[in-house]
Structures are given as C-alpha cells and as structure tokens.
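# Architecture at a glance
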Amino acid sequence: MYNLVIFASGGGTTLQAIIDAIANKELDCKINLVISNSPDAYALERAKNARIETYVIQNKKSDEMDLELEQILKNHEIDLIVLAGYLKKIGPRLVEKYTIINTHPSLIPKFCGKGMYGMKVHEAVVNAGEKISGATVHYVNQNYDEGNIISQTKIDVLPNDTADDVAEKVKAAEKIQLIDVIRNLSK
C-alpha cells in the first residue's frame, strides 16, 4: 500500500478524484492525512466524509509552518505528498525530507511561478491568445513551479473559449493525469 498525504487549500475536487480512484481500485494507495491552510476549505469536508484524518495549519511564518508540519508528518507513514490546489509554499525542511509533487494548471514553463494559480493562470492564457494550454505535474523544489516535470497534458484553447472554459478543460485533464502519475510512482 502506497501512503499519501494530500495538501489542499480550496474545494478539494482533485482530492476527491484521488479518493474516488482509490475507492474504485484504480490506485493501490491510502490517504493518511489531508492538510489545509484554510479551516473553511471544502477539501477538509471531503476528507472527513471519506474518514480521512485532517489537519489545519494557518497564520504562521514560513519557518514556523515548516516546523509544525514536520512534527505532524512524522506521525504518519508517507511515501508521497501531493499538493492538490495548495496555495502555500512548502519549506525547505519538507522538500529535503519528502517526495512532493504538485499539479499546476498550465504547461510549465508558461504561466507559472509566484502568484500564478487558479483562474489567474487561465485568464493569462486567454489574454495571451494561446491555442494550447494544459496541466503539469512536477516535483516540488525550493522555487515555485520549477521542479522537474513528471507529466504534461495538453488541451486545445478554442478562439471563443473564456478563462472559465479553459479552467474546466484543464481541471478534467489534470485529474486524469494526476491519477496516472500517482499510479506510476506507486508501482
């Protein structure tokens, strides 16, 4: 059994895709913990509904957050940490100790880096007149969206697509891609 910890800041649709893939036996994994920096994140509700332990960490300086997370994580079996819509930077202590992957809603190196997340990415794609966008799964290092790329999935951006249209296409592709990446890493 491959042990996962999922970090999420928002609605948790990517977390739900992982939960469903495990329930459907697409992944031979167990989610041991879901961590969020927002007590109002619906991802926490999704985790509780699936009987997964949760932890909220908030309003801490980066070093303090890193130390607290290290203390929490040492009590869990972890083969992989998945950042699934997590909006805080992971500190160096965790990057050095764990294998961490992130999903990003663009084809890195385009439309990535500090401040480029969620709808900001899709709006930038549409405003730039891009014909292709997509999702990237990459390893996490000390810099935003600069870790080695594991996988990319492309989607077509049609001339009349809005940022919302692009977001929906990318989200659908991203979930399939992430499940494939976790499956491959867990073999």
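Here's what I pulled together on the structure shown here. (Residues numbered from 1 in each chain as written. Predicted model: local features only at pLDDT ≥ 70, side-chain atom pairs only at ≥ 80, totals over all residues. Heavy atoms only, no water.)

### What about the overall build of the protein chain?
A tally of helices and strands in the protein chain yields six helices and seven strands. Ordered by position from N to C terminus, the α and β elements of the protein chain give β-α-β-α-β-α-β-α-β-α-β-β-α. Against the 2.2 N^0.38 benchmark of 16 Å for 187 residues, the protein chain shows a C-alpha radius of gyration of 16 Å, consistent with a compact globule. With respect to the principal axes defined by its C-alpha atoms, the protein chain has extents near 50 × 40 × 30 Å. The burial tally for the protein chain puts 49% of its 187 residues in the buried class. The long-range share in the protein chain, meaning contacts at least 24 apart out of those at least 6 apart in sequence, stands at 64%. Approximately 9700 Å² of the protein chain is accessible, and the part contributed by carbon and sulfur atoms is 47%. One way to put it: in the protein chain the 22 positive side-chain charges average out to a point 1 Å from where the 25 negative ones average out. (Helix = DSSP H or I, 4+ residues; strand = E, 2+ residues; numbered from the N terminus. Rg over C-alpha atoms; globule rule 2.2 N^0.38 Å. Buried < 20%, exposed > 50% of the residue type's maximum accessible area, 1.4 Å probe, protein only. Contact = heavy atoms within 4.5 Å. Areas by Shrake-Rupley, 256 points an atom, 1.4 Å probe, with all protein chains shown as cover. Lys, Arg positive; Asp, Glu negative; His and termini not counted. Charge placed at Lys NZ, Arg CZ, Asp CG, Glu CD.)

### What about the pairing of strand β6 (residues 132–139)?
Burial analysis of β6 places six of its eight residues in the buried class, which makes it a mostly covered element. Bridge count between strand β5 (residues 100–104) and β6: four bridges; the pairing is antiparallel. Bridging across to β6, N102 finds its partner in H138. Where β6 meets strand β7 (residues 149–156), seven bridges bridge the pair, whose relative direction is antiparallel. Considered in β7, the bridge of V137 is made with S151. (Pairing = 2+ DSSP bridges.)

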